[in-house]
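Examining the three-dimensional arrangement
Now for the letters of each chain:
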Amino acid sequence: MKRVSFKHIYFVLVISTVFSSCSSFSTIPIEVMKPAGYSVDPSIVSVVVVNNTYPYRADSIHKLDLLGEKSYLDSTYFDSFGAEAARMLAKTLNERAFFDTVYYYPYPVNRPADSIPYPTLHADTLTKLIEKYQVQAVVSIESYRYNSSIKVEKLSDYYYVSQDVAGTAFWKVYDRHGRLLDAYLQRDSIFWDNTEPVSKVKITIPELSESLDALAGFMGERYTDRLAPHWDVEQRTLFVGGHYLFSRATDLAKVNSWNEAAKIWYYVYEHGNKKQKAMAAHNIALSYEMRNNFSEAMAWADVSRNLFDKPGAVSAAGMYKIQSQHYYLRLKEREDEKVKLESQLGPL
C-alpha cells in the first residue's frame, strides 16, 4: 500500500538557503504536507477513473468585449472536456503514489442509444469496471460546464488582450458495491493576457478549443487534491535583527540546526527587552514547527502575540501583531491538518 510512503516524508520541511530580508525580519519558504479534502477509506488501495459526462451544449457561453463593443462568439464546444479532465486526474493520482494502482478507462460511458444522458454512473457500467480492473472504487466525472470571456482594450499605443475561461465539474466516488462515497462540485478558471501593438493588423488570442483543453486538464489535476494529500509551499517570518545574537541564530537556522538556534533565541527571550522577547518567542515557535512540535509552537506563538499586543511594548507593533496573530492561527490549522492526515495515512 504505497500511501504509507508519505509517513517518511510528511514532516520534511524544506527551507531555502536564501532568506529574503526586510529590515529586522526575513521571509522563508517551507514545504508543508496538506491533507486531502476527502478522506478515502484506507481499504481502498486501487481505483479506476472514468468519464461519465455527456457533451455540453448551451448558447451564449463565449463573451467578447472588443473595444467596448460587447457580443457573443459562435458557440465553440470541446466535447473531450470530460475525457481530458479524467485522464489528467488519473495521471496526477499515479504521480502522487497515494493509491497502489490508478487506472484510466479511455472510453466515454454516458452515450445511451436514446440520446438521453444517464443522471449518474450506470450500475451495470460500474460493475463491469470493478470486474475488469479489480479495484475497490470508481472515480467518475459526471458533468461539466464552461464559459469564456475575451476582452480587447486600447491603451495608448497598444492593445491589452485578456481571456478568462471558467468551468465547473461534478465528481463522484463510488465503492465496489455502488455506494456513493463522495460527491464534489469543483469550480476553477484559467486566465491569459497579452499586449499587442496598435500597428499590428491581427490580434493574437488563444484558440478557444485550446483554452478549454487546458482548463479541462487543469481541473483534473486540481481535483487530485480532493483525493490525495499534497505538498504546498508556505511562507514564514523569521526575525533576524533586533539583537546582536540573532545573526548567529539565523546562521544556524539556515543549515536547519533549529534546536541550537532555539537555545540562542531562548537566551534572548530571558534577557532581552520587551521587543526582543516578542521576536525571540516568535522564532522559538517557528523552531518548534520546523521540529514538528505544533503544541509547543502554538504555546510560544501565543507568548509572542501577547507580547506584541501590549500597548507601547514594541515599535511598529501593528504589523508584528497581525503577523503573530496569523501565525498562531496557521499553527492551529496545521495541528488539525495533522489529525486529518493521520486518518488518511495512518499514524505519523
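Before reading on, note that the structure itself is shown above.
Residues numbered from 1 in each chain as written. Predicted model: local features only at pLDDT ≥ 70, side-chain atom pairs only at ≥ 80, totals over all residues. Heavy atoms only, no water.

Details of the pattern of salt bridges
Going by this rule: In what follows, salt bridge is the name for a side-chain nitrogen of Lys or Arg lying within 4 Å of a carboxyl oxygen of Asp or Glu. Here a helix means four or more residues in a row that DSSP labels H or I, a strand means two or more in a row labelled E, and each is numbered from the N terminus. A simple rule labels every residue: compare its accessible area, found with a 1.4 Å probe on the protein chains alone, to the largest value its type can have, and call it buried under 20%, exposed over 50%, or partly exposed in between.
Enumeration over the complete set of coordinates arrives at 18 salt bridges. Taking the shortest distance from any N to any O, the salt bridge between Arg 57 and Asp 79 comes out at 2.9 Å. Of this pair, Arg 57 sits in the loop between strand 3 (46-51) and strand 4 (62-66) while Asp 79 sits in the loop between strand 5 (69-72) and helix 1 (81-96), and the two are 22 residues apart along the sequence. Since its relative accessible area comes to 34%, Asp 79 is described here as partly exposed. Between Asp 182 and Arg 226 there is a salt bridge, with the nearest N and O atoms lying 2.9 Å from each other. Placement of Asp 182 in strand 9 (residues 180-197) and of Arg 226 in helix 3 (residues 208-227) is noted, with a sequence separation of 44 residues between them.

Points about the layout of surface pockets
Where empty space is left in the structure can be found by rolling a water-sized probe over the atoms. Test applied: In this analysis a 1.4 Å probe is tested at points of a 1 Å grid over the protein atoms alone, and where it fits but cannot get out there is a cavity; an open set with protein on both sides within 12 Å along at least five of seven lines is a pocket; lining residues have an atom within 4 Å of a point. Grid points are joined across faces, edges and corners, and a volume is the space filled by probe spheres set on the points. For this scheme, ten residues count as nonpolar: Ala, Val, Leu, Ile, Met, Phe, Trp, Tyr, Cys and Pro. Four count as charged, namely Asp, Glu, Lys and Arg, and the remainder, Gly too, count as polar.
Each pocket or cavity is described by its volume, and for the largest pocket that value is around 150 Å³. Considering the residues around the largest pocket, the lining is formed by Gly 37, Tyr 184, Gln 186, Arg 187, Asp 188, Arg 222, Tyr 223, Asp 225, Arg 226 and His 230. Where the lining of the largest pocket is concerned, the elements lending two or more residues are strand 9 and helix 3. Among the residues making up the lining of the largest pocket, the classes are represented as two nonpolar, three polar and five charged.

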